[in-house]
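Structural features, examined
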Amino acid sequence: MSQEALENLLHENRVFPPTAEFAAQANATGAMYDEAAQDRLGFWAEQARYLSWATDFTEVLDWSDAPFAKWFADGRLNVAYNCVDRHVDNGFGNQVAIRFEGEPGDRRDITYAELKDEVCKAANALTELGVTAGDRVAIYMPMIPEAIVAMLACARIGAAHSVVFAGFSAEALRSRIDDAQAVLVITADGQNRRGSAMALKPAVDEAVAETPSVRNVLVVRRTGSDVAWNADRDIWWHEFVEQQSTEHEPEAFDAEHPLFILYTSGTTGKPKGILHTSGGYLTQAAFTHRNVFDLKPDEDVYWCTADIGWVTGHSYIVYGPLANRVTQVVYEGTPDTPNKDRWWDIIERHKVTLFYTAPTAIRTFMKWGDELPKSHDLSSLRLLGSVGEPINPEAWMWYREVIGGDNCPIVDTWWQTETGAIMISPLPGVTGCKPGSAMGALPGIGMAVVDDHATPVGNGGGGYLVLTEPWPSMLRGIWGDPERFKETYWSRFPGMYFAGDGAKLDDDGAIWLLGRVDDVMNVSGHRISTTEVESALVSHEAVAEAAVVGAADETTGQGIVAFVILRGGLPEETAKGEQLVQDLRNHVAHEIGPIAKPRQIMVVPELPKTRSGKIMRRLLRDVAEHRDMGDVTTLADPTVMNLIATGLETSSGED
Ligand code: PRX
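What you are looking at is a predicted structure, and each value in this text was computed from that prediction instead of being measured.

Calculation criteria
Residues numbered from 1 in each chain as written. Predicted model: local features only at pLDDT ≥ 70, side-chain atom pairs only at ≥ 80, totals over all residues. Heavy atoms only, no water. Helix = DSSP H or I, 4+ residues; strand = E, 2+ residues; numbered from the N terminus. Rg over C-alpha atoms; globule rule 2.2 N^0.38 Å. Buried < 20%, exposed > 50% of the residue type's maximum accessible area, 1.4 Å probe, protein only. Contact = heavy atoms within 4.5 Å. Areas by Shrake-Rupley, 256 points an atom, 1.4 Å probe, with all protein chains shown as cover. Near = heavy atom within 4 Å. Polar contact = N/O pair within 3.5 Å; in protein donor to acceptor, adjacent residues only side chain to side chain. Nonpolar A, V, L, I, M, F, W, Y, C, P; charged D, E, K, R; others polar. Pairing = 2+ DSSP bridges. Axes fitted to C-alpha atoms, helices over the stretch in contact; angles between N-to-C directions. Disulfide = S-S within 2.5 Å. Parallel < 35°, antiparallel > 145°, perpendicular 65-115°, else oblique. Left-handed = near helix turned anticlockwise from the far one by under 90°. Salt bridge = Lys/Arg side-chain N within 4 Å of Asp/Glu carboxyl O. Phe/Tyr/Trp six-rings, centres within 6.5 Å; stacked < 30°, edge-to-face > 60°. Lys NZ or Arg CZ within 6 Å of the ring centre and 35° of its normal. 1 Å grid on protein atoms, 1.4 Å probe; cavity = no way out; pocket = protein on both sides within 12 Å on 5 of 7 lines; lining within 4 Å. Points joined across faces, edges and corners; volume = space filled by probe spheres on them.

For the rest of this paragraph, the subject is the overall build of the protein chain. Counting secondary structure elements, the protein chain contains 22 helices and 30 strands. Computed over the C-alpha atoms, the radius of gyration of the protein chain is 24 Å, within 12% of the 26 Å expected from 2.2 N^0.38 for a compact globule of 655 residues. Expressed as a percentage of its 655 residues, the buried residues of the protein chain come to 61%. Contacts spanning at least 24 positions in sequence make up 71% of the contacts within the protein chain whose residues lie at least 6 apart. Carbon and sulfur atoms make up 48% of the accessible area of the protein chain, which totals about 24,500 Å².

Set out below in structure tokens:
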């Protein structure tokens, strides 16, 4: 972020205090901050009591083997029971849990009683396939109710799910299945995207051809497209799951029993399998959902637009909301199908009251114009949320005025796959909001902004965001790699969790997130490492060397810009052609997934390197963002930058 943009942020003086009307009915109270400050563990124990425990816990936190935490360790519970059965037991079986809307317009309401039957049938099916507690199950599915049922069925039998975003490539799926040694893959024939059926099963077939741990592939029929079939391995959901009994006794598991693994990009080419466990995770997911979104289970209609392939879908579509007995909208498709007002149409028809989405989406809608949302009645909305990347004040104000009718608190929620649940956010009805600021740590969360020496910077200062106390939904490790867990998060500032984000505190102590400080890019709220894209590029036969940077992008936050050096001896027409750039972009999409396709690829004769041979990414970022390059004297060859900058003006590769 430029110095000027920073200065502007720090002089943001618009504050929107809670309205008396909202405050009077809010779930959150100011007293929560005091309670948690006086007795943090007592506060979390109280939040954990909102769950139903089969065996009560006696100890809240065991931090004796830090940084490996145990929360509520001697308590036992079943996560799926907490998300489904107990609401039925409490007399809410007829409440709609999921209001599903497919992209083609098909709709299906699922009550808690029906959801319970579906989850029980799926749990029985998994058991019949030999899946047992402690196994891993990969889920590669579109946004359809069966995806949620599949996750809950795993939770119910104590198998850890590893959801892989359905936009990822076969290769990305294969490496994740392999790393977790999954025994089963649950998928669909395809998904509806932009008005047509997009196949999913071929990617699964390609992936499992090389993953011997997988015994079966369970396939939901969604699009009805023809699929290749391996009768020894593949099973139709509508045949096998549907015939199962709706009776299934939920077994209680230890609070620290693994619930899921979710892969996310780090600074190396190998994604990290972030491990979350049961009791602490569910406690904080439910607590934050209840208080940050002010959920009133009898009145609200909630809609989180995330995909279950990301952590937001795990914590704020599946676990937090369902534990709180939500009624929520689940939408399968894209926002522009059949028209660019699809989301506003959904909000109007379902009378959505609580809406949670990402800044990239908000900025896209700003570009599409105010007329689209204004042609719909959005007056049911009473709270708006934002997640995934910093929200700029302009987008925040647009969200507030055009979508929220100037009448809704906006919760800008900072958290990560690793944190499992929201850590920094205003509490609606309690905290005032400044456009673009996530305001402060939630009750029970220890946070600081520190300098290089781990000293807190104080108000008005900038530095690194750290978490100073363990929290219930914290990651318990990286699957199969305890050393990497310690090294990545706990070695930079001893005793503190290093989040990898830069942040500033303004004069009032409100926090402004400034994006990643490591080699992780944030494209449309998706984390992608520069190294992953570089590895994908150099795996192409024409590429000798590649350097990738995230450059500021008006819509997607950051865009991927790649600089490549070609191998010698390529025919001249290949080396010069636009076709090659397209091929490389497609190659990255094939290796990782379309979300990792570089916005721009530049063929360069040389990369800027220090005399010790390290690529100077700062300079490449300057070039990609059209900034003056400043001091280049540490470069081995200072003329390289001119060559690169001149080339960039003339090359591009956007669709
Ligand atoms: O850089 C921060 C950014 O997203 C990163 C976490 O990405 P992921 O694990 O994919 O989880 C995204 C959804 C929780 C963070 O390190 N980030 C997330 N929320 C915000 C944010 N940056 C600024 N403001 C936010 N509200």
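Okay, back to it.
Glancing now at the site of the ligand. Around the ligand lies a shell of 17 residues, among which Asp-412, Thr-413, Thr-417, Asp-501 and Arg-516 are the nearest. In this structure, Gly-388 approaches the ligand through a main-chain N or O atom, which is 3.1 Å from a nitrogen atom. Within the side chain of Thr-417, an N or O atom sits 2.6 Å from an oxygen atom of the ligand. Taking 540 Å² as the accessible area of the ligand by itself, protein coverage stands at 97%. Those elements giving two or more residues to the shell around the ligand turn out to be α12 (311-323), β20 (410-413) and β25 (511-516). Residues of the shell around the ligand, tallied by class, amount to six nonpolar, six polar and five charged.

Attention now moves to the sheet that holds strand β15 (residues 272-277). Across the sheet, eight strands lie side by side as β12-β11-β8-β6-β7-β14-β15-β23; this open sheet has mixed pairing. Two strands in the sheet have a free side with no partner beyond their single neighbour: β12 (234-236) and β23 (477-478). Note that strand β8 (residues 184-188) and strand β11 (residues 216-220) share five bridges and pair parallel. Within the sheet, the bridge partner assigned to Ile-186 lies in β11 and is Leu-218. Contacting β6 (136-140), β7 (160-163), β8, β11 and β14 (258-264), helix α7 (residues 145-157) crosses the sheet at an angle of about 175 degrees to β6.

Looking at the secondary structure, you find Ala-510 in the loop between β24 (497-505) and β25. Take Ala-510: its relative accessible area is 3%, and that puts it in the buried class. When the C-alpha atoms of Ala-510 and Met-439 are compared, they prove to be 4.5 Å apart, with 71 residues separating the residues in sequence. Not counting chain neighbours up to four residues away, the residues in contact with Ala-510 comprise Lys-434, Ser-437, Met-439, Lys-504 and Leu-505.

Quick look at the state of the cysteines now. Counted according to the given criterion, the structure contains zero disulfides. Not engaged in a disulfide, the cysteine Cys-154 finds its nearest cysteine sulfur in Cys-83; these two sulfurs lie 13 Å apart.

This part covers the packing of helix α5 (residues 79-92) against α12. Look at α5 against α12: their axes get within 8 Å of each other, and the N-to-C directions meet at 55 degrees. Regarding the angle of α5 to α12, the classification is oblique. For the element pair α5 and α12, the recorded crossing hand is left-handed. Every residue of α12 that contacts α5 at Val-79, Asn-82, Cys-83, Arg-86 and His-87 is listed here: Tyr-319, Leu-322 and Ala-323. Split into classes, the residues belonging to the contact of α5 with α12 amount to five nonpolar, two polar and one charged.

Turning our eyes to something else, we now look at the packing of helix α6 (residues 112-128) against α7. Their axes nearest at 8 Å, the elements α6 and α7 cross at an angle of 60 degrees. The two elements α6 and α7 meet at a crossing, and its hand is right-handed. Contact with α6, carried on its side by Leu-115, Glu-118, Val-119, Cys-120, Ala-122, Ala-123, Leu-126 and Thr-127, involves Val-149, Leu-152, Ala-153, Cys-154, Arg-156 and Ile-157 of α7 and no other residues of that element. Considered class by class, the residues forming the contact of α6 with α7 number 11 nonpolar, one polar and two charged.

Our next topic: helix α8 (residues 170-180). Of all the residues in α8, the buried ones are Ala-170, Ala-172, Leu-173, Arg-174, Arg-176, Ile-177 and Ala-180. Elements that come into contact with the buried residues of α8 comprise β6, β8, α9 (201-208), β14, α18 (530-538) and α20 (578-591). Two residues or fewer after α8 comes Gln-181, characterised by a positive phi angle close to 55 degrees.

A full pass over the atoms with the stated rule returns 41 salt bridges. When the shortest N-O distance is used, the salt bridge between Arg-174 and Glu-171 registers 3.0 Å. Remark: Glu-171 and Arg-174 occur in helix α8; sequence separation between them is three residues, near one turn of the helix. Relative accessible area serves as the criterion here: at 18%, Arg-174 is assigned to the buried category.

Per the stated rule, a full pass over the model turns up 38 aromatic pairs. Pairing Trp-44 with Phe-287 gives two aromatic rings, centres 5.2 Å apart and planes at 80 degrees, and the pair type is edge-to-face. Taken together, the residues Trp-44 in helix α4 (residues 40-48) and Phe-287 in helix α11 (residues 279-292) connect sequence positions 243 residues apart. The buried category is assigned to Trp-44, whose relative accessible area is 1%. Classification of Phe-287 by relative accessible area gives buried; the value is 1%. Between Phe-365 and Trp-368, the aromatic rings sit 5.4 Å apart at their centres with planes inclined by 75 degrees, giving edge-to-face as the arrangement. You can see Phe-365 and its partner Trp-368 sitting in helix α14 (residues 359-368), three residues apart, about one turn around the helix. Aromatic rings pair up to connect Trp-63, Phe-68, Trp-471, Phe-485, Tyr-489, Trp-490 and Tyr-497 into one cluster. Above the plane of the ring of Tyr-50 lies Arg-290, whose end atom (NZ or CZ) is 3.5 Å from the centre. Residue placement shows Arg-325 over the ring face of Phe-92; its charged tip is 3.4 Å from the ring centre.

Going through the model one piece at a time under the given rule, you end up with one cavity of 30 Å³ or more. Considered as a void within the structure, the largest cavity measures approximately 40 Å³ in volume.

Residues Ala-66 and Pro-67 are joined by a peptide bond in cis, for which omega reads 5 degrees. Topologically, Pro-67 is positioned in the loop between β1 (61-62) and β2 (70-71). A cis amide bond links Thr-337 with the next residue in sequence, Pro-338, at an omega value of 0 degrees. The topology assignment puts Pro-338 in the loop between β17 (328-331) and α13 (342-350).

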